[in-house]
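A structural walkthrough
Residues per chain are reported as follows:
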Amino acid sequence: MVSPNINALADFPSREAARLQALQQYELLDTSAEQELDELTELASQLCGVPISLITLVAEKRQWFKSKVGLALSETPRTVSFCHHAITDNQVFEVMDARTDYRFQDNPLVTGNPNIRFYAGMPLITPQGHALGTLCIIDTEPRVLTIEQRQALEVLARQVMLHFELRRSRLEREREKQKLYQALAELQQVKTQVENLPAAAGTQDRLLALQEKLENVVQRLETLASA
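This section reports on the structure supplied with the text. Here the structure is a predicted model, which is why all the values come from computation and not from measurement. Counting starts from 1 at the beginning of each chain's written sequence and moves along it residue by residue. With the structure being a predicted model, the display of local features is reserved for residues of pLDDT at least 70 and the display and counting of side-chain atom pairs for 80 or more, all residues being used for whole-chain, interface and lining totals. In computing side-chain values, all of the structure's heavy atoms are included and hydrogens and water are not.

**Remarks on the overall build of the protein**
Just so we agree on the cut-off: Secondary structure elements follow DSSP: runs of H or I of four or more residues count as helices, runs of E of two or more count as strands, with numbering from the N terminus. Residue burial is assigned from relative accessible area. The probe radius is 1.4 Å, only protein chains are included, and a residue is buried under 20% of its type maximum, exposed over 50%, and partly exposed in between.
Secondary structure assignment for the protein yields seven helices and six strands. Mapped in sequence order, the helices and strands of the protein form the string α-α-α-β-β-β-α-β-α-β-β-α-α. Residues classed as buried in the protein amount to 43% of the 227 residues present.

Structure (structure tokens):
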């Protein structure tokens, strides 16, 4: 029987609000499948020799599957989630036989379809230390991971998290570009209005200041475009 990590479970509520906020910032829930992630999920199944593998995201009341192999479900309630336990630590969480583990022996995913016996999940941890979900593997027969399989799961989980980080960076750049385009349009409008004002003291200085702001915005947009 796998013993629970008492320290991790004890302070879990205090970290949960920050973890959920981090999950929201990545904007991953209910998004479309992505080939790069599906390939990593498939590789996890192949390397560990299991029929089911998932990239899960643990939300407040549900766990949702960003990628899946061997399972038709798209999500499950968090109350029956194995990953809910896995995200309380920063290492592989392994259940060798769910029927003999008091936490899972009455779980409907164990007593019924998909008849989980074995589970192993590696948390997907942000640079700030928040576990968004897991890369997990599931079998319908009891088993134990080899050292090599455990290491493979850790490596693949890091690759999943790297993909998440790159995706988040792209989204942030796009949002910044939209803000800059809006600022550019507003500055150009003000510049036109100032140019149409009758010549007066300070008008030229305002034009020069606006021109400098326009050039700064354009330069920032060019930097984002080349990133």
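**Topic: the sheet that holds strand β5 (residues 118–125)**
What counts is decided by this rule: Strand pairing is assigned whenever DSSP detects at least two bridges linking the two strands. Interaxial angle, 0 to 180 degrees, is taken between N-to-C directions of lines fitted to C-alpha atoms, where a helix line uses only the stretch in contact.
Spatial strand order, β3-β2-β1-β6-β5-β4: six strands in an open sheet with antiparallel pairing. Looking along the sheet, the strands with just one partner apiece sit at the ends: β3 (75–77) and β4 (93–95). In this sheet, neighbouring strand axes are inclined to one another by 25° on average, regardless of whether the strands run parallel or antiparallel. Where strand β1 (residues 52–58) lies against strand β2 (residues 62–69), six bridges are found, and the strand directions are antiparallel. Residue pairing in the sheet places T56 in a bridge with F65 of β2.

**Digging into the side chain of K66**
Note the following rule: Counted as a polar contact is a pair of N or O atoms within 3.5 Å, where, for protein atoms, one must be capable of donating a hydrogen and the other of accepting one, and residues adjacent in sequence contribute only when both atoms are in side chains. In this analysis, two residues are considered to be in contact whenever any of their non-hydrogen atoms come within 4.5 Å of each other.
Along the chain, K66 turns up in strand β2. When its relative accessible area of 3% is taken as the criterion, K66 is described as buried. For K66, the side chain forms a polar contact with the side chain of T31, separated by 2.6 Å. Of note is the side chain of K66, whose polar atom sits 2.5 Å from the backbone oxygen of S32. Setting aside residues no more than four positions away along its own chain, K66 makes contact with L28, T31, S32, A33, E34, L37, I55 and L57.

**Considering the pattern of salt bridges**
Applied cut-off: Salt bridge, as used here: a side-chain nitrogen of Lys or Arg that lies within 4 Å of a carboxyl oxygen of Asp or Glu.
Considering all chains together, one arrives at 12 salt bridges under this definition. Measuring nitrogen to oxygen at the nearest pair gives 2.8 Å for the salt bridge that ties R103 to D101. The class of R103 is buried, set by a relative accessible area of 18%. For D101, a relative accessible area of 2% translates into the label buried. Between E165 and R168 there is a salt bridge whose closest N-O contact spans 3.2 Å. With a gap of three residues between them, E165 and R168 both fall in helix α6 (residues 147–195), about one helical turn apart. For the pair E165 and R168, a shared accessibility class is recorded, and that class is buried. Three or more residues are tied together by salt bridges with common partners; here these are E16, R19 and R78.

**As for the nonpolar core**
As a rule of thumb, nonpolar side chains are buried together in soluble globular proteins. Note the cut-off: Buried residues of nine kinds, namely Ala, Val, Leu, Ile, Met, Phe, Trp, Tyr and Cys, make up a nonpolar core once their side-chain atoms join them within 4.5 Å.
L124, L132, L135, I137, L145, L153 and F164 are the most contacted members of the largest nonpolar core, which totals 28 residues. Elements with a contribution of two residues or more to this core: α2 (12–26), α3 (35–48), β1, β5, β6 (131–139) and α6. Per-element accounting of this core gives the leading share, six residues, to α6. Residues in contact with L153, not counting those within four places in the same chain, are V92, A120, G121, M122, L135, I137 and L145.

**Here we look at the environment of Q25**
In this structure, Q25 sits in helix α2. The class for Q25 is partly exposed, based on a relative accessible area of 44%. Separated by 143 residues in the primary sequence, Q25 and R168 have C-alpha atoms spaced 8.1 Å apart.

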